[in-house]
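Residue-level structural notes
Here are the chains, one letter per residue:
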Amino acid sequence: MHRFELRVYYEDTDLAGIVYYANYLKFIERGRSEWVRSLGVDQVRLRQEAGIVFAVRRVEADYLRPAVFDDVLSVETRLIALGGSRIELEQNVLRGDICLFAAKVTLVCLSGTGRAVRLPADIRALLEAAGI
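A brief report on the enclosed structure follows. Since the model is a prediction, treat every value here as computed from it, not as a measurement.

Some words on the packing of aromatic side chains
In total, this model carries seven aromatic pairs according to the counting rule given. Between Tyr 10 and Phe 69 the ring centres are 6.3 Å apart and the planes differ by 80 degrees, which places this aromatic pair in the edge-to-face class. Residue Tyr 10 is located in the loop between strand S1 (2–7) and helix H1 (23–38), and its partner Phe 69 is located in the loop between strand S2 (53–63) and strand S3 (72–82); the two are separated by 59 residues in the primary sequence. In this structure Tyr 10 comes out as exposed when scored by relative accessible area, which is 65%. Here the aromatic cluster, defined as three or more aromatic residues joined through ring pairs, consists of Tyr 20, Tyr 21, Tyr 24, Phe 27, Tyr 63 and Phe 101.

Spelled out as structure tokens, the structure:
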């Protein structure tokens, strides 16, 4: 499991002073980017050299409790399944030990033309080494 920490800024909140619902998707995007980076995957190089990108295909999200301005949050990212071109993740946003937001995210590996392609063997090996 990978953990990424962030702070809630005023710009992240709505008129009620709580984190605007769409911002949780931004938070988990940052968590995924940092998770992939921590595995040694350079997404810019992957796109430039292999013409491959990761795109979100599906998100199942549960908003459990609100976060507010100045909260320190952690985004936890855990690999739960790998397919030929598919990566399934569980991502949670926590304040301390309290889960505020839970999501299951399906990513797909795409070519430059937008077609699904198999995960390259070296990327698959890095993901498998991260554990399921």
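Digging into the sheet that holds strand S4 (residues 86–95)
Pairing between sheet strands relies on hydrogen bonds along the backbone, with the strands arranged either parallel or antiparallel. The five strands are arranged S1-S3-S4-S5-S2 in an open sheet whose pairing can be described as antiparallel. In this open sheet, the two edge strands, each paired with only one partner strand, are S1 and S2. Along the sheet, successive strands turn relative to each other by an average axial angle of 25 degrees, direction set aside. Alignment of S4 against strand S5 (residues 98–110), held across ten bridges, turns out to be antiparallel. Note on S5: the bridge partner recorded for Gln 91 is Ala 103.

Notes on a nonpolar patch on the surface
Nonpolar side chains collect at one region of the surface, where Tyr 20, Tyr 21, Leu 25, Val 56, Val 59 and Tyr 63 lie side by side and expose about 550 Å² of accessible area between them. Relative to the elements of secondary structure, Val 59 occurs in strand S2. Residue classification places Val 59 among the partly exposed residues on the basis of a relative accessible area of 35%.

Structural notes on the side chain of Asp 71
Residue position: Asp 71 is located in the loop between S2 and S3. With a relative accessible area of 13%, Asp 71 lands in the buried category.

Observations regarding helix H2 (residues 43–50)
The N-cap residue of H2 is Asp 42: its side-chain oxygen and the backbone nitrogen of Val 44 are 3.1 Å apart. Downstream of H2 by a residue or two, Gly 51 has a phi angle that is positive, lying close to 70 degrees.

Overview of the nonpolar core
Ranked by size, the top nonpolar core spans 30 residues in total, and within it Leu 73, Ile 87, Leu 119 and Leu 127 carry the most contacts. Broken down by secondary-structure element, the contributors of at least two residues to this core are S1, H1, S3, S4, S5 and helix H3 (121–130). Take this core: its biggest share by element is six residues, from S5. Discounting chain neighbours no more than four positions away, the residues touching Ile 87 are Trp 35, Phe 54, Leu 79, Ala 81, Leu 82, Val 105, Thr 106, Leu 107, Leu 119 and Leu 127.

Reading guide: rules and limits
- For every chain, the first residue of the written sequence is number 1, and numbering continues from 1 along that sequence.
- At least 70 in pLDDT is required for a residue's local features to be given in this predicted model, at least 80 for side-chain atom pairs to be given and counted, and no such filter applies to totals for whole chains, interfaces and linings, which use all residues.
- With hydrogens and water stripped out, all remaining heavy atoms of the structure feed into the side-chain values.
- Two rings from Phe, Tyr or Trp (for Trp, the six-membered ring) form a pair when their centres are within 6.5 Å of each other. A pair whose planes differ by under 30 degrees is stacked, one over 60 is edge-to-face, and the rest are tilted.
- Numbering goes from the N terminus for both helices and strands, where a helix is a DSSP run of H or I of at least four residues and a strand is a run of E of at least two.
- Per-residue accessibility, obtained with a 1.4 Å probe over protein chains only, is compared with the maximum for each type, and a residue is labelled buried under 20%, exposed over 50%, and partly exposed between these values.
- For two strands to count as paired, DSSP must find a minimum of two bridges between them.
- Structural elements are reduced to axes, namely lines fitted to C-alpha atoms, with helices fitted over the stretch in contact, and the angle between N-to-C directions of any two is expressed from 0 to 180 degrees.
- Within this analysis, patches are made of residues with over 30% relative accessible area and no salt bridge. Like charges are joined at 9 Å or less; nonpolar side chains (Val, Leu, Ile, Met, Phe, Trp, Tyr) at 5 Å or less.
- The protein chains shown are the only cover counted for residues, whose accessible areas, like all others here, come from Shrake-Rupley with a 1.4 Å probe.
- Any Lys or Arg side-chain nitrogen found within 4 Å of a carboxyl oxygen on Asp or Glu counts as a salt bridge.
- We define a polar contact as two N or O atoms separated by no more than 3.5 Å, with the added condition that, inside protein, one atom must be a possible hydrogen donor and the other a possible acceptor, whereas residues neighbouring each other in sequence contribute only through side-chain atom pairs.
- In these notes, a set of buried Ala, Val, Leu, Ile, Met, Phe, Trp, Tyr and Cys residues joined through side-chain atoms within 4.5 Å is what counts as a nonpolar core.
- We call two residues contacting when some pair of their heavy atoms lies within 4.5 Å.

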